[in-house]
Amino acid sequence: MDWNFRTAEELGAALRTGEVTSAQLTDEAISGIERDDKAVNAICVPDFDRARAAARDADEARARGDVRPLLGIPVTVKESYNVAGLPTTWGMPPHRDYLPAEDAVQVSRLKAAGAVVLGKTNVPVGLQDIQSFNGIYGTTNNPWDHGRTPGGSSGGSAAALASGFGALSIGSDLAGSLRTPAHFCGVYAHKPTIGLAATRGMVSPTAPALPTELDLAVVGPMARTARDLTLLLDVMAGPDPLTFGVAHDVTLPPARHDRLGDFRVLVLEDHPFIPTGEAVRAGVNRVADALADGGAHVERGSRLLPDLAEAALLYRQLLFSGATAHFPVEAYEQLQERAARLDADDLSLDAAGLRGMVLSHRDWIEVTNRREVHRHGWRQLFARFDVVVCPITPTPAFPHDHHPDPLERRIDIDGVKHPYFDQLVWAGLATMPGLPATAIPTGRSPQGLPVGVQLIGPMFEDRTPLRLAELLEQSIGGFQAPK
């Protein structure tokens, strides 16, 4: 039997009944990687010897009666996580030889849950692209079309899952880095509520692995089913044991509803800053139709929705505010001069990004205060709705574009070119206020490419969009292996 495309839930059941061993699963996964990854290049740092040893240990533990949630299940880890004894480079050539001494907290949790780590997955340089290529490990290709990107920055993880390289993976998300690769590769991902899952050790090379609270970024699960996302989130969730974990445990509330027909859903398909391509629009409407057919209450607009334009501008400022922290003084002063020349009425995304790069602390606090106003707006909206359905990006996976200046790149939306980074506005809708968002596959574009949407839920009610994802998987289908 081919186990490589089975779900983690199915693998766990087969392991418990003795139908298969972890050693067998691990050997089959490694064989698949050695056979198929030359064309995809998802696994940039294999760790096969230790994986086989961990699998043997898992089988012995199970024989002793161990019942940990991921015991013996093969998984992968995004390259940006510290794994003791493996390089953490973030795709930056000067750090190709950096070896951290200890595991990131989430890698420790994976191992504590019994998972077998096959290796690390590819990323863009500094995790700062919507693609996954770098000068150390090369380019990761989309398993559906090798001429297209799998997304970024968790592109290697999404490509690995779509290719059958492990049942689960962990990634991170600041600008859609979990959700966009899932959308491009036809798999599932969940961006947790900000602060729900500890991030220590998911840190740039040579930086100390401290339990810092990140402003926008989160770590989260990726899988081939919605139920597997929940399984992995339960392993990842919880505060850092060095900080809030000293005094707090996490108990997520149950999903608001268990039946599709009980959900109240707001559907969005248009954004003031960028058009939605027809393939993605069709995916949004496929979900909307499935919700309506299942008896859910569906609306297409609401006065309660926080202003999308202002939300995008706030997100762009916050996203770019940390980008210049280590710039040379001369470069930073040049940016200040450019920002000072902006017209006060310039409310473009580019202007917001430039202003963000030179925000004073006082100005940053004002932007943060505006974010709190938006958060309160979302609380009011989620008193009426349970989930918001909307795009992740305006298009399916686009062709590789390695132009050295990302500002010169363009994204083609139904034949019209748009600035490359403008496609981040939909990802920012959940990131700026820190909301949970689940990426789900909705089918294929006319060109045969995967198309996904995101389900945004209330803060710390992550189980609500996850449950809706599970119900939609039953009604519209889910992951399909690339042809």
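Undergrad: Explain the overall build of the protein chain here, please?
TA: Scanning the protein chain from N- to C-terminus turns up 14 helices and 15 strands. The C-alpha atoms of the protein chain give 21 Å as radius of gyration, which agrees with the globular expectation for 483 residues (23 Å, within 12%). Across the 483 residues that make up the protein chain, the buried fraction comes to 58%. In the protein chain, of all internal contacts separated by at least 6 residues, the share reaching a separation of at least 24 is 76%.

Undergrad: How do you make sense of the packing of aromatic side chains when you look at a structure like this?
TA: Counted according to the given criterion, the structure contains five aromatic pairs. The interplanar angle of 15° and the centroid separation of 6.2 Å between the aromatic rings of Phe-5 and Phe-479 together place this pair among those described as stacked. Residue Phe-5 is found in the segment before helix 1 (8–17), and its partner Phe-479 is found in the segment after helix 14 (463–476); the two are separated by 474 residues along the sequence. The exposure class of Phe-5 is partly exposed, given its relative accessible area of 33%. Judged by relative accessible area, which is 18%, Phe-479 ranks as buried.

Undergrad: Could you clarify how one ought to interpret helix 1 in this entry?
TA: Given 3.6 residues to a turn, an α-helix orients residues that are three or four positions apart in the same direction. Within the span of helix 1, buried status applies to Ala-8, Leu-11, Gly-12, Ala-14 and Leu-15. In a view along the axis of helix 1, the buried residues occupy a sector of 165°, so they form one face of it. Opposite the buried face of helix 1, at more than 90 degrees from it, the exposed residues are Arg-16 and Thr-17. In this structure, the buried residues of helix 1 make contact with helix 2 (22–40), helix 3 (48–63), strand 2 (74–78), strand 6 (168–173) and helix 7 (226–236). Note on helix 1: the residue one or two positions beyond its end, Gly-18, has a positive phi of about 85°.

Undergrad: Would you mind going over the nonpolar core with me for this structure?
TA: The nonpolar side chains of a soluble globular protein tend to be buried with one another. Residues Leu-70, Tyr-81, Leu-291, Val-389, Leu-455, Leu-468 and Leu-472 are the most contacted members of the largest nonpolar core, which totals 64 residues. Sorting elements by how many residues they give to this core places helix 7 first, with six residues. Residues within four places of Tyr-81 in sequence aside, it is in contact with Thr-88, Ala-104, Gln-106, Val-107, Lys-120, Ile-170, Gly-171, Gly-201, Met-202, Val-219, Gly-220 and Met-236.

Undergrad: I would appreciate a short explanation of the pairing of strand 2 in the present structure.
TA: A regular strand carries its side chains on alternate faces of the sheet. Buried residues dominate strand 2, accounting for five of its five residues. Side chains of strand 2 alternate between two faces, with Pro-74, Thr-76 and Lys-78 and Val-75 and Val-77 buried alike. Here strand 2 pairs with strand 3 (residues 116–121) via four bridges, running parallel. Bridged to Val-77 within strand 3 is Lys-120. After leaving strand 2, the chain enters helix 4 (residues 105–112) and then returns to the sheet as strand 3, a path that is right-handed. By the bridge criterion, three bridges tie strand 2 to strand 6 in an arrangement that is parallel.

Undergrad: Sorry if this is basic, but what is going on with the pairing of strand 9 (residues 264–267) here?
TA: Here three bridges tie strand 9 to strand 10 (residues 297–299), and the two strands are oriented parallel to one another. Residue pairing for strand 10: Arg-264 is matched across the bridge by His-297. Read as a crossover between parallel neighbours, the route from strand 9 over helix 8 (residues 278–293) to strand 10 is right-handed. Here strand 9 pairs with strand 11 (residues 387–390) via three bridges, running parallel. Paired with Leu-266 across the two strands is Val-388, which belongs to strand 11.

Undergrad: I tried to follow the sheet that holds strand 11 on my own but got confused; where do I start?
TA: Pairing between sheet strands relies on hydrogen bonds along the backbone, with the strands arranged either parallel or antiparallel. Judged by pairing direction, the sheet is mixed, and its eleven strands sit side by side in the order 1-3-2-6-8-7-14-15-11-9-10 without closing on themselves. For this open sheet the edge positions go to strand 1 (43–46) and strand 10, each flanked by a neighbour on one side alone. Along the sheet, successive strands turn relative to each other by an average axial angle of 30°, direction set aside. Where strand 7 (residues 188–191) and strand 14 (residues 437–444) come together, three bridges link them in antiparallel fashion. What sits directly across from Ala-189, in strand 14, is Ala-439.

Undergrad: Is there a simple way to think about the packing of helix 4 against helix 7 in this case?
TA: The geometry of a pair of packed helices is captured by two quantities: the angle between their axes and the separation between those axes. In the contact formed by helix 4 and helix 7, the axes pass within 9 Å of each other and the chain directions differ by 115°. Our classification of the angle between helix 4 and helix 7 gives roughly perpendicular. Crossing angle aside, the handedness with which helix 4 passes helix 7 is right-handed. On helix 7, the residues touching Gln-106, Arg-109 and Leu-110 of helix 4 are Leu-232, Val-235 and Met-236.

Undergrad: Even after reading the chapter, I still don't get the side chain of Asn-82, so can you show me in this structure?
TA: Mapping Asn-82 onto the fold places it in the loop between strand 2 and helix 4. Among the residues examined, Asn-82 registers a relative accessible area of 4% and is labelled buried. Among residues more than four places away in sequence, those in contact with Asn-82 are Thr-88, Pro-100, Glu-102, Asp-103, Ala-104, Val-107, Gly-201, Val-203 and Ala-209.

Reading the values: the criteria
- Residues numbered from 1 in each chain as written.
- Predicted model: local features only at pLDDT ≥ 70, side-chain atom pairs only at ≥ 80, totals over all residues.
- Heavy atoms only, no water.
- Helix = DSSP H or I, 4+ residues; strand = E, 2+ residues; numbered from the N terminus.
- Rg over C-alpha atoms; globule rule 2.2 N^0.38 Å.
- Buried < 20%, exposed > 50% of the residue type's maximum accessible area, 1.4 Å probe, protein only.
- Contact = heavy atoms within 4.5 Å.
- Phe/Tyr/Trp six-rings, centres within 6.5 Å; stacked < 30°, edge-to-face > 60°.
- Arc of directions from axis to C-beta.
- Core = buried A, V, L, I, M, F, W, Y, C linked by side-chain atoms within 4.5 Å.
- Pairing = 2+ DSSP bridges.
- Right-handed = clockwise from strand over helix to strand, strands pointing away.
- Axes fitted to C-alpha atoms, helices over the stretch in contact; angles between N-to-C directions.
- Parallel < 35°, antiparallel > 145°, perpendicular 65-115°, else oblique.
- Left-handed = near helix turned anticlockwise from the far one by under 90°.

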